[in-house]
Amino acid sequence: METWFIIVVSLCIAALIRSLLFRRSDGKKLPPGPSLLSSNFIILTNSLSGLEPILRNFKAKYGPIITLSIGSRPSIFVGSHSLAHQLLIQKGAVFSDRPRLTSPVVNISSAAYGATWRVLRRNLASEVLHPSRVKSYSWARNWVLQILIGRLQGQKDAAGIKVIDHFTYAMFCLLVFMCFGEKLDEHRINEIAAVQRRLLLLVASGRFNVLGLFPRLGKILFRNRWNELFQIRHDQEEVLIPRIKSRIEAANTAKQSVGEERIVAYVDSLVNLQLPEEEAKNGNGGKLTHKEMVSLCGEFLNAGTDTTATALQWIMANLVKHPKIQSKLYDEIVSVVGPPPPPPPPGEEPESAISEDELKKLPYLKAVILESLRRHPPGHFVLPHRVAKEMEVQGFTIPEGATINFMVAEMGLDPTVWEDPMEFKPERFLVNNGDFDITGSKGIKMMPFGAGRRICPGSDLALLHLEYFVANLIWYFNWSPPDGYDVDLSEKIEFTIVMENPLQAQISPRTEKITS
Ligand code: HEM
């Protein structure tokens with residue numbers, strides 16, 4: 001028999017015995033869900049995203065709040081908008097913590113809800129993601145648009161261009177620039193991308209679930225998995241620490257400037273950051289060590305790359321699949337910025353690109369992007385949250401220390417909120433003058449970026465990147481399916497939820513039509 005199978009079964013039995021021994025005797029009832037044994041088996045043999053169809057069935061059977069009792073603590077899943085609003089917005093202080101990690105990593109997404117998290121998140125929001133700072137990176141967006149157009153044009157072939165790798169590379173270039181303030185060459189960018197991807201895929205595989213559930217035992221039983229993680233982490237440090245050091249050494253020299261403008265990179269903001277000393281355990285007086293900067297830079301690169309590239313692919317897939325929507329979008333763009341120039345020859349900067357100010361005048365563009373985030377959110381769940389204090393919800397007890405998650409994709413497809421939820425209809429976002437609150441602060445209808453205190457801090461940047469690249473790609477090119485190809489919108493789980501059959505598209509410069 002397979003060793004892993006024996007281990008999984010043993011862990012399930014251990015968890016069952018433990019749970020029976022420590023069964024709640026105080027008469028409080030957890031939200032409903034399957035038996036302990038099936039819960040443990042389901043969690044141990046699935047990644048978070050792999051749980052989705054199972055949870056959908058449980059939602060139909062048990063209602064919008066479900067418990068899977070796993071290991072020593074319950075995992076609760078919420079599939080209703082109103083409940084998500086109640087917990088994440090109204091009771092935000094209780095539901096904004098994160099599950100404790102087995103190894104101490106300093107980053108925003110896994111930090112406990114406390115002083116260190118606040119300092120790190122505020123730094124990212126004010127130093128890099130503040131609108132004035134984001135504006136200062138507009139030069140980099142232009143540079144990346146040039147790279148992307150060059151790569152797409154260089155790939156023309158009858159079977160169409162497989163766009164996802166180019167989208168991911170483009171987003172990565174942009175985030176690398178914002179992180180290290182340097183225009184790195186393709187070799188260096190690929191080196192960073194490769195190690196970041198290995199880390200991402202390892203975490204997304206779900207092979208570490210078991211280590212989180214049984215930390216001490218897991219370290220002994222799954223030593224190979226730990227070693228694999230440590231090896232990747234070591235490789236990540238080898239690649240990122242030289243970039244961090246080079247940026248720090250170049251501080252206050254001409255290297256920090258691009259053209260006339262001085263660019264502040266994420267690394268610059270980390271150098272003088274002071275963590276609360278009582279929480280900092282690095283023996284560095286609250287200053288970040290190089291290794292801690294690696295964790296933060298790694299998080300920045302991964303959080304902003306695959307998510308945005310995945311969303312961009314879904315948007316373009318829908319525009320290829322629905323030529324009328326594409327035409328309507330193109331017409332809107334031309335009505336605001338005029339007809340496009342010819343695309344730049346490879347290696348040259350675009351003669352002009354649609355500016356951020358012009359993007360603000362394109363409500364249909366915004367509607368297309370929101371509709372795609374509703375229909376195909378890159379993450380079907382948020383990151384797991386930890387319940388900080390026991391709470392009664394709809395007659396059930398949500399215990400302190402429980403893990404809680406929210407079924408993002410399910411909410412975007414709820415027929416009680418969205419008419420024809422499976423249809424791609426951007427017009428639904430044009431009502432109320434196109435005013436749609438994606439933060440869900442007054443009420444949640446969908447939450448592709450999460451909601452409440454842990455909402456994605458990069459949501460505005462992500463929306464800007466999506467608007468900028470979609471608008472420019474549609475302005476310069478007509479996008480169509482290759483002969484005999486039908487865009488397939490089936491989904492597949494990777495780190496994000498990607499297209500099972502990646503988009504293949506043909507592009508032709510809009511100016512060709514005019515001259516012919
Ligand atoms: C389309 C693109 C993106 C999507 C769909 C997305 C989605 C999300 C979601 C669902 C969460 C978890 C929220 C929660 O746990 O409640 C999150 C967290 C986070 N995201 Fe994004 N994100 C995107 C882009 C970005 C970008 C561009 C950045 C930064 C450059 C970023 C940085 C982060 C960080 C640091 C967190 C952790 C926040 C915390 O724990 O306080 N994301 N994102």
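The preceding data block contains the structure.
As the structure is a prediction and not an experimental result, all values here were calculated from the model. (Residues numbered from 1 in each chain as written. Predicted model: local features only at pLDDT ≥ 70, side-chain atom pairs only at ≥ 80, totals over all residues. Heavy atoms only, no water.)

**Here's the deal with the overall build of the protein chain**
Then, in step 1: A count of helical and extended segments in the protein chain gives 20 helices and 13 strands.
Then, in step 2: Sorting the 516 residues of the protein chain into buried and exposed places 54% on the buried side.
Then, in step 3: Across the protein chain, every contact between residues at least 6 apart in sequence was considered, and the portion connecting residues at least 24 apart equals 75%. (Helix = DSSP H or I, 4+ residues; strand = E, 2+ residues; numbered from the N terminus. Buried < 20%, exposed > 50% of the residue type's maximum accessible area, 1.4 Å probe, protein only. Contact = heavy atoms within 4.5 Å.)

**Side note on the pattern of salt bridges**
When the charged atoms of two side chains lie near each other, side chains of opposite charge can form a pair.
Then, in step 1: According to the stated counting rule, one finds 23 salt bridges in the structure shown.
Then, in step 2: Linking Glu-186 and Arg-151 is a salt bridge whose minimum nitrogen-to-oxygen distance equals 3.8 Å. You can see Glu-186 sitting in helix H9 (residues 186-204) and its partner Arg-151 sitting in helix H7 (residues 138-154), a full 35 residues away along the chain.
Then, in step 3: Note on Glu-186: relative accessible area 46%, which makes it partly exposed.
Then, in step 4: Ionic pairing is found between Asp-306 and Arg-197, a salt bridge with its closest N-O pair at 3.0 Å. One end of the pair, Asp-306, is in helix H14 (residues 290-321); the other, Arg-197, is in helix H9, and 109 residues separate them in sequence.
Then, in step 5: Look at Asp-306 and you get buried, because its relative accessible area is 9%.
Then, in step 6: Through salt bridges that share partners, Glu-52, Arg-56, Lys-59 and Glu-410 make up one connected network. (Salt bridge = Lys/Arg side-chain N within 4 Å of Asp/Glu carboxyl O.)

**Overview of H14**
Then, in step 1: Over its 32 residues, H14 extends 46 Å from the first C-alpha to the last, a length consistent with the 46 Å expected when each residue adds 1.5 Å.
Then, in step 2: Among the 32 residues in H14, 27 count as buried, and that is most of the element. (Expected span 1.5 Å × (residues − 1).)

**Quick notes on unusual backbone geometry**
Phi is mostly negative for residues that are not glycine, and the peptide bonds are mostly trans.
Then, in step 1: Of note in this structure, Gln-394 is not a glycine but carries a positive phi near 50 degrees.
Then, in step 2: Along the chain, the position of Gln-394 falls in the loop between strand S7 (391-393) and strand S8 (396-398).
Then, in step 3: Judged by its relative accessible area of 51%, Gln-394 falls in the exposed class.
Then, in step 4: Phi angles above zero are rare outside glycine, and Asp-420 is one such case at about 45 degrees.
Then, in step 5: Among the structural elements, Asp-420 can be located in the loop between helix H18 (408-412) and helix H19 (459-476).

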